[in-house]
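Examining the three-dimensional arrangement
Here is what each chain is made of, one letter per residue.
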Amino acid sequence: MVKQKIRGGLWMLGLLLLAEGLWAQEPESFFSFQLLLRSEGGPVPFAALQWWPVNDPAAIGHATSDRDGFVRLSSQEPGRVVVTISRIGFKRFQDTVSISSLEVIDLEEDIFNLEEVTITGTRTPHPLSQSPVLTQLITGLEVERSGAVLVQDLLELEVPGIETGQHAGKSTLQMMGLAPQSTLVLVDGERVAGETGGSIDFSRVGVSDIERIEIVRGASSVLYGSSAMGGVVNVITRQPSEKFAGFAKVRVGQANQQNHTTGFLNGMDEGSLKEFYRNQDLPNLNGDLGLSYRGARFWGSTLLNVTRSDGYQLYDSRRQEKYYPEKDSVATAPLSQAPANVNGSASLMLDQKGGYSWGDQWFVSLKGNYYRQEAFDFTRDSKHELFRGYTLGGKVDYKSSGGGHLTLAHYRDAYNKFDVLEKKNENRIHYRQVFNHSKVLFTQRFPDRHTFFAGIERFNESLESSRFKTDTLMRKSQNDVVLVVQDEYEVNEQFSIVGGLRMGWNSAHHLYLTPSVSVAWFKKPFSFRTSYARGFRAPGLKELYMDWNHLGMFTIIGNVDLEPEQNNYYSFSMDYLNTSQKLNVTAIASYNHLLDQIDEVWNEDQTILHYSNFDEVKVLAMEALLRWRFLKSFEFRAGYIHIDQLRQEQNMDFSPVSPHSVTSQLAGHFTRGKYRVVARLSGRYKGRKSFNVMEMEEYLEGLYFPVANGDYYRVRQEAYCLLHLTISQYFGSHVGFQAGVNNLLDYRSPIVTYNTSFTPGRRYHLSFEYRF
C-alpha cells in the first residue's frame, strides 16, 4: 500500500511536468534578458519575481532566481519593465528597470523578517511589522539551524510560553499556562485529527517541510473556533520556489539507551519475543527525500520521511517530598522503582502537494498526506500500538482585479489507532477519528481603507472508540456550522481597528456568539497593540460520552451535561524597533479569565473519575522578547515569561506550568567564498514550580499524621536548564553538514513525572544534506 502511494505521488508530479512542458513553449519572437539579484552577503537565490511591461500592466509574468541569483525574463519587445521581488530575509523590492543584457539589483536585508507576510492573526495577509494582531514568526531557516527533529521540541526552544510533557507515550503541549486542549495546532491553516492528552500527534508534521511557523497568543476562537483559547500555532509547509529541485537529508543521533545486548538477542529463537527486544534498541535515524517543480502554470512537490527513534526508561534518583497544607506537615514517599517510559518508534510519512493556475486570477491546489507509526512500548504483552492517518483536500482561489479574494475548500483528515497483536500478526482498531472541514471564505479590500472578511464553515467530527463502551467500538459525532465576519479599518497609516464576530451552531450546544476587537497604533520606532477576545472550547466527544475502565483500577465517565468552556482574554503589547542599532524589543501583558473549565474529578471512594465544569481559572502573563543583531555576523534572541495561574475552586493551584521561563539563542555565521558556517547555541530555563496533587498512596515514610485518599498535597520541582549546540556548514548551494549536541549540561530530572523534562541526558547527532 505504501509503495502504491509513493508511485501515485511520483506519477502526479510527472503529469504536472508533462503538462507544463506543453503549456510553457515560449515564442521565438520573445526578447530575453537577465537580472542578477545580490546583497551584502552575495547572490540571492530562490527569490520570487513578478513583472510586467510598463506599457502593458496586464501582461504579468512570474519567475524565480536560480542558485546563483540569476533570473531570465522574456518580453515581446525591448523597453522597460516593472519588477517586484520578494524573498524571506529581504525587504520587498519594486522598481522599473531597463531591458538589457544584464541588470544588477541590490536587495536590502530584512533583519528580523518584519516584512514577511503573515496570515494567521487575521486570516488576511499583513507584513509581520504591520499585523494588527501580534504574531511571532519562526522561519524555515531557523527551523533548519535548530537541528530539531520534532516540531514540539522546536516550539519549546523558541516560545517561552510553551511547555511540553508526556501522556500515554505521546508529547503534549501547553501554551500560556492553559491545558493542551486549549491550544489549537494547525497545518496550513487546517485542523489535524488524532489527539492524546489533548495534543495532536506531532510526529505527523515533517520538520524538513516547514516554510514557517506563525504563533498567535491568546483567544482566537472568532477565526478558528473551539480550542483556540490559549493561542494558535500554524505550521505552514513549503511550496516550490525553483523550476526543478530536490534534496536528500539523513540525520543520525546517538542511541538513548542500550536495553539489550546483541549476544542476548542472538541466543533467542526467532519470534515475536525476539522482535520485542530488538525494537527496544532502534537507531535514532531520520531521513528525508524531497522533489519539487514550479512552472508558469503548474507546481508540485513530494516529500518522503522515514524516522526511527530509540526508546528508553527513566528512573527517579530522589524521593518525593509531599507537603500537606491542611496539616502543615511534610511526608517523604518511598523511592519509586517504576520507570517512566519513552517508547521507541518507527514511522513513515508521504506528503504530496500540487497546484495549477489560470493567469493571475484562478488557482487550484490539492494536498494528500499519508502517515504511519508503530510505537514499541516496554510491556511484554505481545502487542504494541500502530498509528495511521491521512489527509486529502483541496481548494480553489479566485482573485479579482478589484481586490476581492474568494476561496472554496474542503479537507478530510483521518487518524486511526490500532493494537498490533504480534503473535496473530493482526491489527485491531480501537480509535478512529475523522475531521471533515468545508468552507467558503471571502475577502474584499475597499478603497476607503476597509478590508472585509467573511466565511461560512461546516466542521464535522466523528470518533469511533472502544472507550465509549467497554470492548465495543462505538461511533459518536458532532457538527459545527458557523458564520464569521470581520472588518479591518485603517484609520490612517498609523492607526487600525479590527473587529470580528463568530456566530455558530453546535449540534451538542446549539447557538453561540464569540466577539473580538483589536486596536493597533504604529508610531515609529514603537508599535502598540491591544485586544479583547472571547474564546470557547466545546466539550470533546470523549469528555461527553466516555465510559472506560482503566486497567481495572478505576472508571472514567463522560458527562453529557457539560457546558462549553469560555474565556475572556485581554492583552496589551508594545514593540520597539531600532533599525540602526538592529534591536527589536517586545513587551506583552495578558489576562485570561476562564469560566466553566472542564476537568476530571474523583468520587468519594476514588473509583470513578468523571468530567465536570469548574467555576473559573485566572491566568496573568507578563512576557518580554528581544532580538539583537551585532557585529554584523551575530544575533542574540531571548524571551522571558512569568505566568500566574489560580483556580478558584478551593483556591488551589493545580497548574504544572513553571511560573518563570526563559528561552535564548545565540547564533553567529562566517562566510568565505562559497563556504559558510553557522553556529547556534540555544537554551531553555524553567524555573521552580509547585502545584497540588491528590493523594493516591497508601504508605508514606515518616508519616505521623492521618492521611486519607483524596487529600491534597503540594509538590515542588526544582529549576533546570537545557542547552543545545548546533554547527552547520554549507559548501556552495548543494552540500550541507550539521553536527550538534542536545542537553549540553547533561541534565536528568531527579523525579520524573509527566510534567518534567524527559531528556535521557547529553546526546550527539550528525546530519548530511544534498540539494540538487
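We now turn to the structure provided with this report. (Residues numbered from 1 in each chain as written. Predicted model: local features only at pLDDT ≥ 70, side-chain atom pairs only at ≥ 80, totals over all residues. Heavy atoms only, no water.)

**Some remarks on the packing of aromatic side chains**
Rules: Stacked, edge-to-face and tilted labels apply to pairs of Phe, Tyr and Trp rings (six-membered ring for Trp) whose centres lie within 6.5 Å, assigned for plane angles under 30 degrees, over 60, and everything in between, in that order. Strands are runs of DSSP state E lasting at least 2 residues, helices are runs of H or I lasting at least 4, and numbering of each runs from the N terminus. Buried means the residue's accessible area, taken with a 1.4 Å probe over protein chains only, is under 20% of the maximum for its type, while exposed means over 50%, and partly exposed covers the values in between.
Within the structure shown, the criterion is met by 23 aromatic pairs. Relative to Tyr415, the ring of Phe387 lies with its centre 6.2 Å away and its plane at 20°, an arrangement referred to as stacked. Here the residue Phe387 occupies a position in strand 29 (residues 383-399), and Tyr415 occupies one in strand 30 (residues 404-421), the gap between them amounting to 28 residues. Across the pair, Tyr415 and Phe387 agree in class, each one buried.

**Description of the pattern of salt bridges**
Stated formally: One speaks of a salt bridge when a side-chain nitrogen belonging to Lys or Arg is within 4 Å of a carboxyl oxygen belonging to Asp or Glu.
Evaluated as defined, the whole model comprises 35 salt bridges. Arg432 is the salt-bridge partner of Glu464, the closest N and O atoms lying 3.0 Å from each other. Within this pair, whereas Glu464 is found in strand 32 (residues 450-469), its partner Arg432 is found in strand 31 (residues 426-445), the two being separated by 32 residues in sequence. Several salt bridges share partner residues, and in doing so they unite Glu142, Glu158, Arg627, Arg629, Glu635, Arg637 and Arg680 into one network.

**Topic: the nonpolar core**
Short version of the rule: Here the nonpolar core consists of buried residues drawn from Ala, Val, Leu, Ile, Met, Phe, Trp, Tyr and Cys, with membership extended through side-chain atoms lying within 4.5 Å. Any two residues having at least one pair of non-hydrogen atoms within 4.5 Å are treated as being in contact.
Core analysis: the largest hydrophobic core is formed by 32 residues, its most contacted members being Val151, Leu155, Ile213, Ile215 and Val233. Of all elements in the fold, only helix 3 (151-158), strand 13 (170-175), strand 14 (183-187), strand 18 (210-217), strand 19 (231-237), strand 43 (616-630) and strand 44 (634-647) reach the threshold of two or more residues within this core. Leaving out residues up to four positions away in the same chain, Leu155 has contacts with Ile138, Ile162, Leu173, Ile213, Ile215 and Val233. Membership of the second largest hydrophobic core comes to 19 residues, among which are Leu37, Leu73, Val81 and Ile105.

**What about the sheet that holds strand 7 (residues 90-98)?**
For the record, the criterion: One requirement defines pairing of two strands: DSSP has to find at least two bridges between them. Orientation is described by axes fitted as lines to C-alpha atoms, over the contacting stretch for helices, and by angles from 0 to 180 degrees between their N-to-C directions.
The 4 strands are arranged 4-3-6-7 in an open sheet whose pairing can be described as antiparallel. The sheet is open, and its two borders are formed by strand 4 (61-64) and strand 7, each paired with just one other strand. Strand after strand, the sheet turns through a mean of 20° between neighbouring axes, direction not considered. As judged from the 7 bridges shared by strand 6 (residues 80-87) and strand 7, these two strands associate in the antiparallel manner. Across the sheet, the residue bridging to Val83 is Asp95, located in strand 7.

**A closer look at the side chain of Thr118**
In this structure, Thr118 sits in strand 9 (residues 117-118). Not counting the four nearest positions on each side in its chain, Thr118 is found in contact with Thr124, Pro125, His126, Leu128, Ser131 and Glu214.

**Details of unusual backbone geometry**
Following Lys524, the chain continues into Pro525 via a peptide bond in cis, with omega recorded as 5°. For Pro525, the position within the fold is in the loop between strand 35 (510-523) and strand 36 (526-537). With a phi close to 65°, Lys632 is a non-glycine residue in the positive phi region. Positionally, Lys632 belongs in the loop between strand 43 and strand 44.

**Considering the sheet that holds strand 42 (residues 608-613)**
Spatially, 4 strands are ordered 37-38-42-41 in an open sheet, and the strand pairing comes out mixed. Single-partner strands in this sheet number two, and they are strand 37 (547-550) and strand 41 (598-602). Across this sheet, the average inter-strand angle for adjacent strands is 30°, counted without regard to direction. With 5 bridges connecting them, strand 41 and strand 42 associate as antiparallel partners. The partner of Val601 across the bridge, within strand 42, is His610.

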